[in-house]
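Residue strings, one per chain:
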Amino acid sequence: MPIGLPYVERRRSIERDGLAEIFRKEMKDYSKMVRKGVIDRKDPESVKNHFDFGGGGLGGHLRYGTSGDFDSGSCHPYLRRSNWSTRTLMVMGNFNMTNASELNKVLIERGQHPIFGTDTQTVLEEIGYHLDEAHTDLYRKFRDGDGVSGHDMPERISAALDIPKIVSESAAAWDGGYSICGG
C-alpha cells in the first residue's frame, strides 16, 4: 500500500451469522463508494486504495472468542500492529496449547509484558518475538552492509524473511493441539 494508507484491516463479530453481517455491511459501503464515484470497479488500484477489503488477501475465522469471553475483542484474528508492514502479524486459528502459562513465563523472562493469557495471544507474541529478531538482523545487514535506502527497506526485508524458520523457532516449545499455515 502507498505510504500513509493502512495495509491491514480486520472486522470481528460475535453476532449470530456474524460473517454474513460483516459482508453485508462491507458490500453496502463498497456499493456506496462506487455510486459516489470514489471507486472505479474496473480499476483494481482504485478498489485497493479506497476500500478496506480490496487488497491482496482475505481470511476468515468462523468461531467464537477463544478466551472464554464473548465479546468482539476475544474473537480472531488477533493482530500485532507495527508501523513496519514487515513486522505486523495477524493470527487466527484453533489452538489448544497445554503449556500456555509456561510460554507466558518465557515471554516475561525475556522482559516482555504479555497482556493476554490466552494461547492465541501467546502464539502471536512468540512468533512476533522471533519475527522482530529476524527483522532487526536483516534491517542492520541491509542498512549497514548493503546501503539500502529506507524507501526500499520493507521490500528487501520482506523478500529475505524466512517465515518457515521463524515459525519453527517459535513453535519449538509449544505443546498441545495446533496447526499453522500462512499466506
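Residues numbered from 1 in each chain as written. Predicted model: local features only at pLDDT ≥ 70, side-chain atom pairs only at ≥ 80, totals over all residues. Heavy atoms only, no water.

Chemist: I tried to follow the environment of E155 on my own but got confused; where do I start?
Modeler: For E155, the location among the structural elements is in helix α5 (residues 153–160). Residue classification places E155 among the exposed positions, given a relative accessible area of 65%. Along the backbone, E155 and T86 are 69 residues apart, and their C-alpha atoms lie at a distance of 8.4 Å. (Helix = DSSP H or I, 4+ residues; strand = E, 2+ residues; numbered from the N terminus. Buried < 20%, exposed > 50% of the residue type's maximum accessible area, 1.4 Å probe, protein only.)

Chemist: Whenever I open this one, the layout of surface pockets confuses me. Can you help?
Modeler: In this approach, a probe sized like a water molecule rolls over the atoms, and the result shows the empty space that is left. Roughly 180 Å³ of internal volume is contained in the second largest pocket. The wall of the second largest pocket is formed by Y129, H130, E133, A134, D137, L138, A160, L161, D162, K165, I166 and E169. Elements that contribute at least two residues to the lining of the second largest pocket include exactly α4 (119–145) and α6 (163–171). Of all the elements, α4 adds the most residues to the lining of the second largest pocket, at six residues. For the lining of the second largest pocket, the residue count by class is six nonpolar, one polar and five charged. (1 Å grid on protein atoms, 1.4 Å probe; cavity = no way out; pocket = protein on both sides within 12 Å on 5 of 7 lines; lining within 4 Å. Points joined across faces, edges and corners; volume = space filled by probe spheres on them. Nonpolar A, V, L, I, M, F, W, Y, C, P; charged D, E, K, R; others polar.)

Chemist: Can you walk me through a nonpolar patch on the surface in this structure?
Modeler: Nonpolar side chains collect at one region of the surface, where M1, L5 and Y7 lie side by side and expose about 250 Å² of accessible area between them. Mapped onto the secondary structure, Y7 falls in the segment before α1 (18–35). (Patch = residues over 30% accessible without salt bridge, like charges linked within 9 Å, V, L, I, M, F, W, Y side chains within 5 Å. Areas by Shrake-Rupley, 256 points an atom, 1.4 Å probe, with all protein chains shown as cover. Salt bridge = Lys/Arg side-chain N within 4 Å of Asp/Glu carboxyl O.)

Chemist: Teacher, can you tell me more about α1 here?
Modeler: For an α-helix, 3.6 residues make a turn, and residues three or four places apart therefore share a direction. The terminal C-alpha atoms of α1, which comprises 18 residues, lie 26 Å apart, in line with the 26 Å expected from a rise of 1.5 Å per residue. Taken together, the buried positions of α1 are G18, I22, E26, Y30, M33 and V34. Buried residues of α1, viewed axially, fall in a sector of 140°; they line one side. Residues of α1 that are exposed and point over 90 degrees away from its buried face: R24, K28 and R35. Elements that come into contact with the buried residues of α1 comprise α2 (44–50). Taken from the residues just after α1, G37 is the one with a positive phi, measuring 80°. (Expected span 1.5 Å × (residues − 1). Arc of directions from axis to C-beta. Contact = heavy atoms within 4.5 Å.)

Chemist: Help me understand the packing of aromatic side chains, please; the structure alone is not making it clear to me.
Modeler: Two aromatic rings, taken as a pair, are described by how far apart their centres are and by the angle between their planes. In the structure shown here, the tally under the stated rule is four aromatic pairs. Each ring, one from Y30 and one from F51, has its centre 5.1 Å from the other, and the planes form 65°; the classification is edge-to-face. Placement of Y30 in helix α1 and of F51 in the loop between α2 and β1 (78–80) is noted, with a sequence separation of 21 residues between them. Judged by relative accessible area, F51 falls into the buried class, the value being 7%. (Phe/Tyr/Trp six-rings, centres within 6.5 Å; stacked < 30°, edge-to-face > 60°.)

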